Amino acid sequence: MGASLPPKEANLFKLIVKSYETKQYKKGLKAADAILKKFPDHGETLSMKGLTLNCMDRKSEAYELVRLGLKNDLKSHVCWHVYGLLYRSDREYREAIKCYRNALKIDPDNIEILRDLSLLQAQMRDLTGFVETRQQLLTLKPNHRMNWIGFAVAHHLNSNGAKAIEILEAYEGTLEDDYPPENERCEHGEMLLYKISLLEECGFIERAYEELRKKEFKIVDKLTLKEQLVSLFVKLNHLEEGEKLYRALLSMNPDNYRYYEGLQKCVGLFSEDGLYSPDEIDQLDALYKSIGQEYHWSSAVKRIPLDFLQGEKFREAADNYIRPLLTKGVPSLFSDLSPLYDHPCKADILEQLILELEHSVRTTGGYPGRGKKKSPRQHLCGLCFYWLRDFMLVQHYDRRGLYDTALTKIDEAMEHTPTVIDLYSVKGRILKHAGDLEAAAALADEARCMDLADRYINSECVKRMLQADQVALAEKTAVLFTKDGDQHNNLHDMQCMWYELASGESYFRQGDLGRALKKFLAVEKHYADITEDQFDFHSYCLRKMTLRAYVEMLKFQDRLHSHVYFRKAASGAIRCYIKLYDSPSKSAAEEEDEMSRLPPSQKKKMRQKQRKAEARAKKEAEGKNEETSASGVSKSGKRHVKPVDPDPHGEKLLQVEDPLLEATKYLKLLQKNSPDSLETHLLSFEVNMRKQKILLAFQAVKQLLRLDAENPDSHRCLIRFFHKVSSMAAPVTDTDKLISSVLEAERPSFSQLHGKSLIETNISFLEKHKDSLIHRAAAAEMLFVLKPDKKAEAIKLIEDSNNILVSTSEAIVPVRKWRLKDCIAVHKLLGTVLVDCDAASRWKLRCAEYFPCSTYFEGRSSSAFSKSSEHHISRNSENGGANYTADENAGSLASNGKLEAFQNLAI
């Protein structure tokens, strides 16, 4: 032990500890070596040397030395503590906790070990142990503020808010009357606000109000104080005081939506679902008009009424809201109005309003109703006209699905002003929605080239390229805004999750499961890093007294894996593993066996191709290594070498023994954190059906019907499950008999199956949703599953679908009901499940008429149409399609993706 060393060596040991704390690792190593020359078996010195080496990235040596030190001195708390620190640095928190507990058996009152243990318990959410450790720390050091606060927070996190309040009150009892001093007022005020919020959370509203009034003068954050006070007023039903205070808060920030919501609650005019009676709408309209007169510059006071107003009042309010923003040329105006399109009547009114404004500006040079008097901004009317046409109308038609009209308008705008970058971005977005992904990517790239310093436009271009499956080009474009050196790794280091998800989906569509898995699992690692990042805040927040933010951060971390990006990544990984299970990759022996069967000439060609591919990959790797080496040298001459990725293409990820076992790991996370997502239970059904886990698949079916019984996928799973059960052999084992009895007992609970066979259930579902394409397709697929001999009838069900025109107003061009992605799904169903190439071809020709810009269906206006061969075009003509020549179509392709105007343009 350190105390058993002679004085000189004991001082050297203290120097090792100090050097470790100050990160002077070489100095610490030198001192450790000096001790070990005389005492080579000294356990604590060996452990400290190992800990120092761990900080110098020499992990294998570090573990060796620490284990040797512990072996030489098992009764040293220092050795156990160091072993725990080593595990903690590698995120092996459970092992670290075991080491800390062993250290505490030897030295139960060691404050440093107790503090480290409490941090790990908070990280791992061992809340019972966290409370015990914090109580022990408070007992050892009751005069330390952080120990009182830590003990209170531990009880709060352990769902014992009343005890946390008692502890905070006991802590306040230890303070003098004139506390806090000037330099601690902010921290003490934060503690008081935390206590008040805790009282409110526990339901002690009266006590919270009294405490706030009593300690008001000690709280520095006056804005939070007022927000806390008005929250208490509402909960105590002191609505008049609450209304006054909300109006006072609005005078400070008239654009805060939460203040308006609170004011509506105080005057009794708030509804959670946003539905109001005519009288309530009139009262709300009067309220917002009175506030608008006081804060006429506020955007929120004009925008909020658009959510609840109807009819002519909505038109008037929308007109007053849109005009000044159009005059200013605000690009985000349509994004602001976009939620209103969920209400068809409001969408119709907006279209009529925008058309009226455009007509008036085009014909009279001003807005309607101005009279002969010119506005001071009359010279901007030309700009207003083009803004109305270029942005509002175009985006409006795009939002309503009128892509041909939107493209016509945007082409007029681009012809008039070919230098506006936003026009190219908007047209690219329209083409993406219309299905021409290649042309959308080309337009996005042209927009990027017009402003090479704009990161947002660059990112949008990358996104369009990935949607068009141009991954290599997208990567080269994305790294233009990364640091020098290993640029691809920089995207990973920056946690650029949207890029990794989009590229993962692209690889999945192309069938490259290895690279797809690589991208999806990279996103999963980012979330693990975010979880790890909370560790440093466990001590920092208690020290700085940011208690409310700390508790909110912990709650956020607890629901972190319910975030949409994690859900997409986990779902993508599960789909990859399912596809890998269905189509396992060939082993090296199988590939060699196939190679041996080939004729000698083909075998030689295959060998040459493999050698060329290997040489190319080697050359690319060497080039990347040279770039990394050149950029990895710092000014001090030290070389920072990043670890080389041993599996850049994800090939090792495909070499799993049980893909479904790997899929289950991520499925459990989804089931825990996203139980209300339909996709979670669809994936659960697919995985468990393949694993023959009948009851788990049954549970997934029940969850699907709970969430959305009318969804086509829910219907598919219901029919497939009970069809599978009915085709199973008679139960023999006790387990099979138990499963069978459970299913028989549960079947009557399904309303869809009451007294019906599966065929009758399918027919009933079809009759209920006969006007929906995706529902008809689901019914047709299940008919084929139940009765394979009725394939022709199933195909007829799909082909008899009608693309109904949807129109809610005479002013609006009718919109067809079918969506592009649904039609693509039906085409894949006809080609892969029903396996009828003729039906798939007929469907493709039919959809090419409805979606002329779609590259998937090779519509007449798409970029794919011009690439098709003459034979393909003539075949379309024979099947009833229009007969186009390549020359006739060249104009539409150029307008979609190539801008000839830029060749002779001088800027």
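Our next topic: the overall build of the protein chain. Scanning the protein chain for helices and strands turns up 48 helices and two strands. Across the 907 residues of the protein chain, 45% fall into the buried class. For the protein chain, restricting intrachain contacts to residue pairs at least 6 apart in sequence, the fraction spanning at least 24 positions comes to 60%. Carbon and sulfur atoms make up 52% of the accessible area of the protein chain, which totals about 47900 Å².

For the rest of this paragraph, the subject is the packing of helix α23 (residues 403-416) against helix α24 (residues 421-434). Any two packed helices are characterised by the angle at which their axes cross and by the distance between the axes. Following both chains from N to C, one finds α23 and α24 inclined at 160°, their axes separated by 10 Å at the closest point. Viewed along their axes, α23 and α24 adopt a mutual orientation that is roughly antiparallel. Here the hand of the crossing between α23 and α24 comes out left-handed. In contact with Tyr403, Ala406, Leu407, Ile410, Asp411, Ala413 and Met414 of α23, α24 contributes Leu423, Tyr424, Val426, Lys427, Ile430, Leu431, His433 and Ala434. When its residues are assigned to classes, the contact of α23 with α24 shows 12 nonpolar, one polar and two charged.

The next thing to look at is the environment of Asp658. Examined against the element boundaries, Asp658 turns out to sit in the loop between α35 (600-631) and α36 (659-673). Expressed as a C-alpha distance, the spacing of Asp658 and Tyr581, which sit 77 residues apart in the sequence, is 7.9 Å.

On to the packing of helix α38 (residues 694-708) against helix α40 (residues 734-746). With their axes 10 Å apart at the nearest point, α38 and α40 run at an angle of 20° to one another. Compared by their axis directions, α38 and α40 come out roughly parallel. Between α38 and α40 lies a crossing whose hand is left-handed. Taken together, the residues of α40 that come into contact with α38 (itself represented by Ile694, Leu695, Phe698 and Lys702) are Ile739, Val742, Leu743 and Glu746.

Positioned with a positive phi, Asp469 is a non-glycine residue whose angle comes to about 60°. Structurally, the position occupied by Asp469 is in the loop between α26 (455-467) and α27 (471-478). Among the residues examined, Asp469 registers a relative accessible area of 28% and is labelled partly exposed. Although it is not a glycine, Glu858 sits at a positive phi angle of roughly 55°. Structurally, Glu858 is set in the loop between α45 (837-850) and α46 (863-867).

Summed over the entire model, instances satisfying the criterion amount to 57 salt bridges. The partner of Glu169 in a salt bridge is Lys195, and the shortest N-O contact between them spans 3.9 Å. Residue Glu169 is located in helix α10 (residues 161-173), and its partner Lys195 is located in helix α11 (residues 185-201); the two are separated by 26 residues in the primary sequence. You can call Glu169 partly exposed: its relative accessible area is 35%. Overall, the relative accessible area of 2% leaves Lys195 in the buried class. Notably, a salt bridge pairs Arg720 with Glu686, separated by 2.8 Å at the nearest N-O pair. Here Arg720 is found in helix α39 (residues 712-726), whereas its partner Glu686 is found in helix α37 (residues 678-690), with 34 residues between them in sequence. Here the salt bridges do not stand alone but share partners, grouping Glu169, Glu172, Lys195, Arg207, Glu211 and Lys215 into one network.

Along the chain, the position of Glu524 falls in helix α30 (residues 513-533). Take Glu524: its relative accessible area is 25%, and that puts it in the partly exposed class. The sequence separation of Glu524 and Ala573 amounts to 49 residues, and the corresponding C-alpha distance is 9.5 Å. Aside from chain neighbours lying at most four places away, what touches Glu524 is Phe566 and Tyr666.

What follows covers the packing of aromatic side chains. In the structure shown here, the tally under the stated rule is 21 aromatic pairs. A centroid spacing of 6.2 Å and a plane angle of 75° characterise the contact between Tyr276 and Phe308, whose relative ring orientation is edge-to-face. In this pair, Tyr276 sits in the loop between α15 (257-266) and α16 (278-294) while Phe308 sits in helix α18 (residues 305-308), placing the two residues 32 residues apart along the sequence. Side by side, Tyr276 and Phe308 carry an identical accessibility label, which is buried. Between Trp818 and Tyr850 the ring centres are 5.3 Å apart and the planes differ by 85°, which places this aromatic pair in the edge-to-face class. On the criterion of sequence distance, the pair formed by Trp818 in the loop between β2 (815-816) and α44 (820-833) and Tyr850 in helix α45 is long-range, its members being 32 residues apart. Taking the relative accessible area as the measure of exposure, Trp818 reaches 8% and is therefore buried. Judged by relative accessible area, Tyr850 falls into the partly exposed class, the value being 26%. Three or more aromatic residues link up through ring pairs in this structure, and these residues are Tyr260, Tyr276, Tyr288 and Phe308. The ring of Phe270 has Lys265 lying over it, and the distance from NZ or CZ to the ring centre is 5.2 Å. The ring of Phe722 is capped by Arg747, whose NZ or CZ atom sits 5.1 Å from the centre of that ring.

Right, let's talk about the environment of Ile219 for a bit. As for its position among the elements, Ile219 is in the loop between α12 (205-214) and α13 (222-235). You can call Ile219 buried: its relative accessible area is 0%. Through-space distance from the C-alpha of Ile219 to that of His188 is 7.6 Å; in sequence the pair is 31 residues apart. Ile219 has contacts with Gly189, Leu192, Leu193, Ile196, Leu212 and Leu225, leaving out every residue within four places of it along the chain.

Our next topic: the side chain of Gln534. Mapped onto the elements, Gln534 comes out in the loop between α30 and α31 (537-544). At 3.1 Å, the side chain of Gln534 forms a polar contact with the side chain of Arg125. Sequence-distant contacts of Gln534, defined by excluding residues within four places in its chain, comprise Gln123, Arg125, Met553, Leu554 and Gln557.

It is worth spelling out α39 at this point. Residues spaced three or four apart along an α-helix face the same direction, because each turn holds 3.6 residues. Spanning 15 residues, α39 covers 21 Å between terminal C-alpha atoms, matching the ideal 21 Å at 1.5 Å per step. Among the residues of α39, those classed as buried are Pro712, Ser714, His715, Arg716, Cys717, Leu718, Ile719, Phe721 and Phe722. Elements that come into contact with the buried residues of α39 comprise α37, α38, α40, α41 (758-768) and α42 (773-786). A side-chain oxygen of the first residue of α39 lies 2.8 Å from the backbone nitrogen of Asp713; this N-cap is Asn711.

Attention now goes to a nonpolar patch on the surface. A cluster of nonpolar side chains, namely Leu695, Leu738 and Val742, defines an oily patch on the protein surface of about 240 Å² accessible area. Positionally, Leu738 belongs in helix α40.

Before going further, it helps to examine helix α4 (residues 59-72). Over its 14 residues, α4 runs 20 Å from end to end, which matches the ideal 20 Å to within 8%, given 1.5 Å per residue. Taken as a whole, α4 has its buried residues at Ala62, Tyr63, Leu65, Val66, Gly69 and Leu70. Along the axis of α4, the buried residues cluster in a sector spanning 170°; they form a single face. Exposed positions of α4 whose direction lies more than 90 degrees from the buried face are Ser60, Glu64 and Lys71. Next to the buried residues of α4 lie α3 (43-55) and α5 (77-89).

Let us look at the confidence of the model for the protein chain. For the protein chain, the average pLDDT comes to 86, and 85% of its residues sit at 70 or higher. Confidence drops under pLDDT 50 across residues 372-380; counting only partners more than four residues distant or on other chains, this segment forms seven contacts. Under a pLDDT of 50 for its full length, residues 628-640 has, in the predicted model, nine contacts with residues more than four places off or in other chains.

About the thresholds
Residues numbered from 1 in each chain as written. Predicted model: local features only at pLDDT ≥ 70, side-chain atom pairs only at ≥ 80, totals over all residues. Heavy atoms only, no water. Helix = DSSP H or I, 4+ residues; strand = E, 2+ residues; numbered from the N terminus. Buried < 20%, exposed > 50% of the residue type's maximum accessible area, 1.4 Å probe, protein only. Contact = heavy atoms within 4.5 Å. Areas by Shrake-Rupley, 256 points an atom, 1.4 Å probe, with all protein chains shown as cover. Axes fitted to C-alpha atoms, helices over the stretch in contact; angles between N-to-C directions. Parallel < 35°, antiparallel > 145°, perpendicular 65-115°, else oblique. Left-handed = near helix turned anticlockwise from the far one by under 90°. Nonpolar A, V, L, I, M, F, W, Y, C, P; charged D, E, K, R; others polar. Salt bridge = Lys/Arg side-chain N within 4 Å of Asp/Glu carboxyl O. Phe/Tyr/Trp six-rings, centres within 6.5 Å; stacked < 30°, edge-to-face > 60°. Lys NZ or Arg CZ within 6 Å of the ring centre and 35° of its normal. Polar contact = N/O pair within 3.5 Å; in protein donor to acceptor, adjacent residues only side chain to side chain. Expected span 1.5 Å × (residues − 1). Patch = residues over 30% accessible without salt bridge, like charges linked within 9 Å, V, L, I, M, F, W, Y side chains within 5 Å. Arc of directions from axis to C-beta. pLDDT = per-residue confidence, 0-100.

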